[in-house]
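Here's the letter readout for the chains.
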Amino acid sequence: MAVSLRPWHTFKMSATADMIFAFDSVEKLLNIIHVLDSHKTCFRVLGHGSNVVFSTHFSGWILLNRIMGVTILQEDEDYITLEVGGGVCWHQLVLQTLQRGWFGLENMISIPGTVGAAPMQNIGAYGTELADVFQSCQAVSLDTRQLKTYAHADCAFGYRTSFFKSELACGNQYVITSVVLRLSKQAKVNLSYPRLQAFITKNHRSRFITPYLIASAVRALRCQRLPNWLEVGTVGSFFINPIISTQHYSKLLDSWPSLDAKQLAGGDVKLFAGNLLTLAGFRGYRHGGLVMSAVNPIVITNEHGATTDDLLQLLAEVTQRMIACFNITLVVEPKIF
């Protein structure tokens, strides 16, 4: 008898799986994998399902990472090093560290998902990314079924990517069971992101800027630009911001002078998918049960019981129009099953 996956992925499409099982230790994970292997049963490991979309029946088991705990490994006057279970809610971790006076995560507040999913795509927001505070992680290889420690250098972090999801992994899949983070005990702030800086300048000009103010401002900005994933089906940003060459960017400016862009250190240019989608006419666009945000069309919501066909047709239309307008193919951020 199939079980519903709707409560277990934030896009909330009506998909099913054969069975759901939660594990709270590495030992339980390895044990259930051994059992499933012996029965030649497929499986997928999820955290909170905030970066996946299940659009149909999954013939296998869904394993939920619920490895909890936050342990202090090292501490001095300036820094604290924490080991955090892969099943810990990322947003709750940010709140907990702020309450304890440990800083570095505040720009990434309100990102849905678990700590174990964070290194996979090197999560980031408003000028900060996981790589800035990451020390190491432990992960089980689903190829070798072995647990291994991965240092920062092993993870090959890039923009919304890492070793764990890149070609370097050679198709191997990993379950990150714990992450080690190094946070500051000094109240430094990161205002490098223009939209965050502008928001604070406009709304908090007379206030002393602290990490707590940064967290409050980021939460307010996210509420303005992103739907509440607890209330509506969404995975947040559905597309990755594309990086193109300077030559490509110069050609686009001739036809699209209002392109938003950021010059990168290596010479390439990062464009913003939401801006591209807006220019291409996708703001507020509806297809079947899916709606592209009228604020930032990089966000797609499942508002009316969207179907697999709705999703595939919408993505095909986006691809066609992006190539026609900009000669760019947007990469879909969530995994689709």
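Everything below is about the structure shown above.
Residue positions within a chain follow its written sequence, with the count starting from 1. Per-residue local features of the predicted model are confined to residues with pLDDT of at least 70, and side-chain atom pairs are confined, for both listing and counting, to 80 or more; whole-chain, interface and lining totals are unaffected and use all residues. For side-chain calculations, the full set of non-hydrogen atoms in the structure is used, while hydrogens and water are omitted.

Asker: Tell me about the pattern of salt bridges, and please be specific about residues and values.
Answerer: Here, a salt bridge means any side-chain nitrogen of Lys or Arg that lies within 4 Å of a carboxyl oxygen of Asp or Glu. Applying the stated criterion across every chain, the model contains five salt bridges. Across the salt bridge formed by glutamate 303 and arginine 286, the nearest N and O atoms sit 3.9 Å from each other. Placement of the pair is glutamate 303 in the loop between strand E20 (299-302) and helix H8 (308-326) and arginine 286 in strand E18 (residues 286-287), with a sequence separation of 17 residues. Accessibility here uses a 1.4 Å probe with only protein chains present; expressed as a share of the type maximum, an area under 20% marks a residue as buried, one over 50% as exposed, and anything in between as partly exposed. Residue glutamate 303 is classed as partly exposed on the basis of its relative accessible area, which comes to 37%. Here glutamate 317 and arginine 321 are joined by a salt bridge, their closest N and O atoms 2.9 Å apart. Within this pair, glutamate 317 and its partner arginine 321 are both found in helix H8, separated by four residues, close to a single helical turn. By definition, any uninterrupted DSSP run of H or I lasting at least four residues is a helix, any uninterrupted run of E lasting at least two residues is a strand, and each is numbered from the N terminus.

Asker: Describe the nonpolar core, listing the residues and the values that go with them.
Answerer: To define a nonpolar core, start from buried Ala, Val, Leu, Ile, Met, Phe, Trp, Tyr and Cys residues and group those joined through side-chain atoms within 4.5 Å. Trp90, Leu105, Phe164 and Leu181 are the most contacted members of the largest nonpolar core, which has 44 residues in total. Every element with two or more residues in this core is listed here: strand E7 (79-85), helix H2 (90-100), strand E10 (134-141), strand E12 (174-184), helix H4 (194-203) and helix H5 (211-225). Take this core: its biggest share by element is six residues, from H5. Contacts are assigned to residue pairs that have any heavy atoms within 4.5 Å of one another. With residues near it in sequence (within four places) discarded, leucine 105 still touches Trp90, Leu93, Val94, Thr97, Val133, Leu181 and Leu183. The next biggest cluster of nonpolar side chains, apart from the first, holds 31 residues, and it includes Phe239, Tyr249, Ala273 and Ile328.

Asker: Just give me the short version of the environment of leucine 312, but keep the residues and values in it.
Answerer: Positionally, leucine 312 belongs in helix H8. By relative accessible area, which is 51% here, leucine 312 ends up exposed.

Asker: Which residues make up the sheet that holds E18, and what values do they have?
Answerer: For two strands to pair, DSSP has to find at least two bridges joining them. Strand order in the open sheet formed by four strands is E13-E20-E19-E18, with antiparallel pairing between adjacent strands. Strands at the two margins of the open sheet, each flanked by one partner only, are strand E13 (233-237) and E18. When E18 meets strand E19 (residues 290-292), the two strands line up antiparallel, connected through two bridges. Bridge pairing links arginine 286 to valine 291 in E19. Axis angles are defined between N-to-C directions and span 0 to 180 degrees, where every axis is a line fitted to C-alpha atoms and, for a helix, only to the segment in contact. Contacts from H8 reach E18, E19 and E20, with the element oriented near 30° to E19.

Asker: Any chance you could break down the sheet that holds strand E16 (residues 261-263) for me, citing the residues and the numbers?
Answerer: Taking strand neighbours across the sheet as the criterion, the three strands line up as E15-E17-E16 in an open arrangement whose pairing is antiparallel. Edge positions in the sheet fall to strand E15 (243-244) and E16, since each has one partner strand and no second. Here E15 runs beside strand E17 (residues 269-271); their pairing, made up of two bridges, is antiparallel. Looking at E17, one finds that isoleucine 243 is bridged to lysine 270.

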